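Below are the chains, spelled out letter by letter.
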Amino acid sequence: SFDVISEKIADDIDVESKIQDVSLEQIVTDDLFKVSNFKVIQDLIAQLLTESISTDNALKLIKERENKFWYSKFEYLYTCLEYGIEFLALVKNYQNITFTSFEEGVKQYTETDYQVDYLYRKFIWSYRKASQASALSALVEKIEKSYSNDWLLNYNNNWQSIVNDLDTWNSDRLKAQSSFYNLQVAPALLKKNQRVFVIVSDAFRYENGVELSQRLIQENKYQASMDYMISSLPSYTQLGMASLLPHKNIQIQENSDAVLVDELSTAGTSLRAKILAQNTEVRTTAITAKDFMNISPAKDGKEFTKNHDLIYIYHNQIDKVGDDKTTEDKVFDAVEAEINYLIDVIKRVFNINGSKILLTSDHGFIYQDHPLEDSDFSESNHEGEVWKTNRRFVIGQDLQETSSTKAFTSEQLRLKGGANVLIPKSINRLRVKGAGSRFVHGGSSLQEVIVPLISISKKRKDTVSQVSIDILKTTDRITTNILPVSFIQSESVDQEFLPRKIRVALHAENGELLSDQFSYTFDSEEENTRQREVKHRFQLTSRASSHYRNQRIKLILEEPVEGTTKWKVYKEFFYTVMISYSNDFDEF
């Protein structure tokens, strides 16, 4: 009803023309008209494009819109802006970073710089969900240019200076993907009664892993510790999958890009299961995630776990979507779906008595949402015997390094056999007929070679709780039709304390609503308690003073019931209505 009435009044009094010259700070508090959101969003975009608003102020203004009536209709637009604001700020900080060593580059990326790729992905995903191409076009263009030129190209040009000087891949051997089984899986198997599940998600890059890890930490009783590995090079599926298996040696098969482990083929789940059986002394198997999720958890699932000590689970969603030229533009949708799917797989593992999960990937990827230009491609007139050419690598024998590529021998890549590999420098692609160009992997960029390593377990005790919300109550009497209330978020949000969403209103003892309703998500990470204070002025209805004068009413704080559309009482505070009769009359 409010929606309909508001639209009618907005048309009748021509709200749109009346707010044209109103400042962003003035209009951001309006909760009456839908058109105010267009004004807020347009002004924010304009100020972002001219860099006339600070990051903190822009984010604060968006946060102020969160509890407004119209927010749900504009949510993807606001979140898109939020990610864009944070992205532009981080690119400014990180774009000119230079590296002095391989280890320094990896450390820098895994600790902070991965956030740029994360924010770009979330921005593009939100932009598509918002379905407002015209309104966001200028901001999208700015972010696309910034991501491709200021970030991806510039950042990986600096990284390439380190790769150019490498004698072997990689110098950080303790984190090498090829050491995964010996350093991660084998020690976990030594623990008594511990059944280990290894989940391998194809093309699940490092920043995807960070988001998954954070989501798991927010799930009560789950523990997830985040680490990384450096993938084998070239960073493509066959080699990455082989590197994660127990092995003595790995070899690229002659005249192809197929990979052998101890002279055995690694193509497909069943052949990887044979390698696991041959190279381990425990009961082991390999299975696709689809087949695993089809196992009945109540009976067959627990029997399945009981019969094995080590289980490899494979899933291919991101790579499958990205490697197809017709669907590569949906790769960020595939990432979102994969994170949700992996959480379901993880929960199923623990439901069937799994005790330890190691989740990782074969390789990462680079993705740029806009069509590429000719300058993004390299002409590599490579000489030698070519076995396989890809956008991001060439495999063969006697291949000669060119100005646009870096050459590695099998020995330098710690591979058996006589294969040579050429890797295009920085983020450049080779011209390959028919292949997609926006989603690529196989090269040596940090986005391609750093893969997540997440160690996951489940505890019996609670591991997280939501922040507590209280109010600063200075009186228990309501003497006017306006009741100002200050809400305090008791703890700052961190790994132990999660955000809490509440809605608040004044009610009579019989449940009748007596004020406007205030909704807010308390998610502040500020350390100072006063900086976590949120204020709202409740407007009481006329019935509050006419029917409930001298009676007790309640300020009720409610929180959502997980998995439903229902709400439950979180806290209650009591007040006595003592509004003067004069408040019932307008001024004479």
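Counting starts from 1 at the beginning of each chain's written sequence and moves along it residue by residue. Owing to the predicted nature of the model, reporting of local features is limited to residues with pLDDT of at least 70; listing and counting of side-chain atom pairs is limited to 80 or more, with chain, interface and lining totals taken over all residues. Side-chain measures were taken over the full set of non-hydrogen atoms in the model, leaving aside hydrogen atoms and water.

## Section: the sheet that holds strand S25 (residues 533–539)
Spatially, the three strands line up as an open sheet ordered S19-S21-S25, and their pairing is antiparallel. Every other strand in the sheet has two partners, leaving strand S19 (469–472) and S25 as the edge strands with one partner each. Pairs of neighbouring strands in the sheet enclose a mean axial angle of 35°, with direction left out of account. Sheet topology note: the strand S21 (residues 482–489)/S25 ladder contains seven bridges and is antiparallel. Residue pairing in the sheet places Val485 in a bridge with His536 of S25. Here the rule is simple: two strands pair whenever DSSP picks up at least two bridges between them. Helix numbering and strand numbering both begin at the N terminus, where a helix is a DSSP run of H or I of at least 4 residues and a strand a DSSP run of E of at least 2. Comment: axis = line fitted to C-alpha atoms, over the contacting stretch for helices; angle = value between 0 and 180 degrees taken between N-to-C directions.

## Notes on the packing of aromatic side chains
A pair of Phe, Tyr and Trp rings is counted when the ring centres sit within 6.5 Å of each other, with Trp represented by its six-membered ring. The angle between the planes then sorts it: under 30 degrees is stacked, over 60 is edge-to-face, the rest tilted. In the structure shown here, the tally under the stated rule is 32 aromatic pairs. Ring centres of Tyr109 and Tyr206 lie 6.4 Å apart, and the angle between their planes is 55°; on these two criteria the pair is classed as tilted. Of the two residues, Tyr109 sits in helix H7 (residues 102–130) while Tyr206 sits in helix H10 (residues 206–217), which places them 97 residues apart along the sequence. Partly exposed residues are those whose accessible area sits between 20% and 50% of the maximum for their type, while under 20% is buried and over 50% is exposed, using a 1.4 Å probe and protein chains only. Given the relative accessible area of 1%, Tyr109 is considered buried. Look at Phe518 and Tyr520: their rings are 5.8 Å apart centre to centre, the planes differ by 15°, and that puts the pair in the stacked class. Neither residue differs from the other here; Phe518 and Tyr520 are each classed as buried. These aromatic residues form a ring-pair network of at least three members: Phe99, Phe102, Tyr109, Tyr114, Trp151, Tyr155, Trp159, Trp169, Tyr206 and Phe408. Charge over a ring is defined by NZ of Lys or CZ of Arg lying within 6 Å of the ring centre and within 35 degrees of the ring normal. Over the ring of Trp125 we find Lys122; its NZ or CZ atom is 5.5 Å from the centre of that ring. Seen from the ring of Phe574, Arg552 lies directly overhead, with NZ or CZ sitting 3.9 Å from the centre.

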